[in-house]
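Observations on the model geometry
Here is how the chains run, residue by residue.
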Amino acid sequence: MSATGIQLTASRTDLASRGLVLRLVDRLLDWQDRERQRRHLSSLDDHVLADVGLSHSDVEEEVRKPFWRA
């Protein structure tokens, strides 16, 4: 405890639960970003897809994946 009576260190369980929460938030943000990227990919025209070496069937296959699958 500090002179103000506030605990300055966290217990192992506090740190573990924070780690779990941070991993969960990180996973949710990854899923959100993956969904955003797939929506963007589906909006690209033929010329742009050809430039990056993708076909419409490649895009359809990627867009059909659930957000949790990489």
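Computed from a predicted model, the values in this text were never measured in an experiment.

So, about the pattern of salt bridges. For the structure shown, the criterion picks out three salt bridges. A salt bridge links Glu62 to Arg38; the nearest nitrogen and oxygen atoms lie 2.9 Å apart. On the criterion of sequence distance, the pair formed by Glu62 in helix H3 (residues 56-64) and Arg38 in helix H1 (residues 12-42) is long-range, its members being 24 residues apart. Judged by its relative accessible area of 24%, Glu62 falls in the partly exposed class. The buried category is assigned to Arg38, whose relative accessible area is 4%. The shortest N-O distance in the salt bridge between Lys65 and Glu62 comes to 3.1 Å. Bridged by salt links that share partners, the residues Arg38, Glu62 and Lys65 form one connected network.

Scoring rules and cut-offs
- Residues numbered from 1 in each chain as written.
- Predicted model: local features only at pLDDT ≥ 70, side-chain atom pairs only at ≥ 80, totals over all residues.
- Heavy atoms only, no water.
- Salt bridge = Lys/Arg side-chain N within 4 Å of Asp/Glu carboxyl O.
- Helix = DSSP H or I, 4+ residues; strand = E, 2+ residues; numbered from the N terminus.
- Buried < 20%, exposed > 50% of the residue type's maximum accessible area, 1.4 Å probe, protein only.

Take it as geometry only, folks, not as evidence of what the structure does.
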